[in-house]
Amino acid sequence: MNRGHHKIQRFVSKLMHKFDRYSKNQRLFIIYVILLVFFLIFFPIVRIASLWWLEWYSVRLISWAYFKTMLIIFISLGALIWWNSSFRFKNFVITYLWFKENNSLVNFWLLWVITTAFFGITDTINVISNATSRINVTWSAKFVQVLLLIGLIFTLVSVVKWAKQNSGKAKIVNIVDENIIKENQNKRVFKWLFEEERE
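Residues numbered from 1 in each chain as written. Predicted model: local features only at pLDDT ≥ 70, side-chain atom pairs only at ≥ 80, totals over all residues. Heavy atoms only, no water.

Visitor: Describe in detail the overall build of the protein chain, supporting the description with residues and values.
Guide: Scanning the protein chain for helices and strands turns up six helices and three strands. Listing the helices and strands of the protein chain from first to last along the sequence gives α-α-β-β-α-α-α-β-α. Roughly 14,900 Å² of accessible area belongs to the protein chain as shown, and the carbon and sulfur atoms make up 65% of that amount. (Helix = DSSP H or I, 4+ residues; strand = E, 2+ residues; numbered from the N terminus. Areas by Shrake-Rupley, 256 points an atom, 1.4 Å probe, with all protein chains shown as cover.)

Visitor: Lay out the packing of helix α2 (residues 24-42) against helix α3 (residues 67-85) with the relevant residues and their values.
Guide: Packing of α2 against α3 leaves a shortest axis separation of 11 Å and a crossing angle of 155 degrees. Here α2 is positioned roughly antiparallel relative to α3, judged by the angle of their axes. In this structure, the crossing between α2 and α3 has a hand that is left-handed. Note on element contacts: α3 touches α2 through Ile73, Phe74, Leu77, Leu80, Ile81 and Asn84, opposite Phe29, Ile30, Val33, Leu36, Val37, Leu40 and Ile41. Of the residues in the contact of α2 with α3, the class split is 12 nonpolar, one polar and no charged. (Axes fitted to C-alpha atoms, helices over the stretch in contact; angles between N-to-C directions. Parallel < 35°, antiparallel > 145°, perpendicular 65-115°, else oblique. Left-handed = near helix turned anticlockwise from the far one by under 90°. Contact = heavy atoms within 4.5 Å. Nonpolar A, V, L, I, M, F, W, Y, C, P; charged D, E, K, R; others polar.)

Visitor: So what about the packing of aromatic side chains? Which residues, and what values?
Guide: The geometry of an aromatic ring pair is captured by the separation of the ring centres together with the interplanar angle, meaning the angle of the planes. One pass over the structure, following the stated rule, counts 12 aromatic pairs. Ring centres of phenylalanine 108 and tryptophan 109 lie 5.3 Å apart, and the angle between their planes is 75 degrees; on these two criteria the pair is classed as edge-to-face. Among the residues examined, phenylalanine 108 registers a relative accessible area of 11% and is labelled buried. Residue tryptophan 109 is classed as partly exposed on the basis of its relative accessible area, which comes to 49%. Ring pairs connect the aromatic residues Phe38, Phe39, Phe42, Phe43, Trp139 and Phe143, which therefore count as one cluster. (Phe/Tyr/Trp six-rings, centres within 6.5 Å; stacked < 30°, edge-to-face > 60°. Buried < 20%, exposed > 50% of the residue type's maximum accessible area, 1.4 Å probe, protein only.)

Visitor: Tell me about the side chain of threonine 115, and name the residues and values.
Guide: With respect to the secondary-structure elements, threonine 115 resides in helix α5 (residues 103-131). Within the local environment of threonine 115, its side chain forms a polar contact with the backbone oxygen of leucine 111, the two atoms lying 2.7 Å apart. (Polar contact = N/O pair within 3.5 Å; in protein donor to acceptor, adjacent residues only side chain to side chain.)

Visitor: Hey, could you go over the confidence of the model for the protein chain for me, with residue numbers and the actual values?
Guide: When pLDDT is low, close inspection of the predicted coordinates is not appropriate. Model confidence for the protein chain is summarised by a mean pLDDT of 77, while 70% of its residues fall at 70 or above. Low pLDDT (under 50) marks residues 170-177, which in the prediction has zero contacts with non-local residues, meaning those over four places away or in another chain. (pLDDT = per-residue confidence, 0-100.)

Visitor: Residues and numbers for a nonpolar patch on the surface, please.
Guide: A cluster of nonpolar residues, Trp64, Phe67, Leu71 and Ile75, forms a patch on the protein surface that exposes about 480 Å² of accessible area. Mapped onto the fold, tryptophan 64 is located in the loop between β2 (56-60) and α3. The class of tryptophan 64 is exposed, set by a relative accessible area of 74%. (Patch = residues over 30% accessible without salt bridge, like charges linked within 9 Å, V, L, I, M, F, W, Y side chains within 5 Å. Salt bridge = Lys/Arg side-chain N within 4 Å of Asp/Glu carboxyl O.)

Visitor: Summarise the pairing of strand β1 (residues 44-49); cite the residues concerned and give the values.
Guide: The element β1 is extensively covered by neighbouring structure, given that five of its six residues are classed as buried. As defined by bridge partners, β1 adjoins β2 across five bridges and the pair is classed as antiparallel. What sits directly across from arginine 47, in β2, is serine 58. Summarising the sheet, β1 and strand β3 (residues 135-137) pair through three bridges and their orientation is antiparallel. (Pairing = 2+ DSSP bridges.)

Listed below in structure tokens is the structure:
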């Protein structure tokens, strides 16, 4: 019992230590993603009335009915969690995909994919519910929609803030690059002139 308890304590302390390394916005976003995953896994998105009896049954996202959409959403969620919690995964993406400019931009695009897929489901159910009262979107699905919209707004604001803070740096880099190009051109011209004089 003591060994198991000690391992749990070490694991929790490692998590807390890792969590302390993040900024306030990063912590908020990680908590947000955990809440989103919780609702997507454990709460149903559709309520259906049976044709043979007057009982309702619910369908969750994790089901064969939504298998393809479920794959898209959970692969995107997995990438979102890894990107925000694993420095190794982030280094892997930076090393092989050369994307290191803006963390929030990656979050925004992954959330955009999840939102598009999820809203596709709920909009289809809403269309069907206009034809029959036997199929309805659940309150939890509506809550997930709100969560997704909040996440998109939050990440978009972060992207805009980052862009404003780094716009000056980008201009400096461009000026430096232009100066280097001009210097290289001048060197080539002088080299060409001296070669002509030697001839």
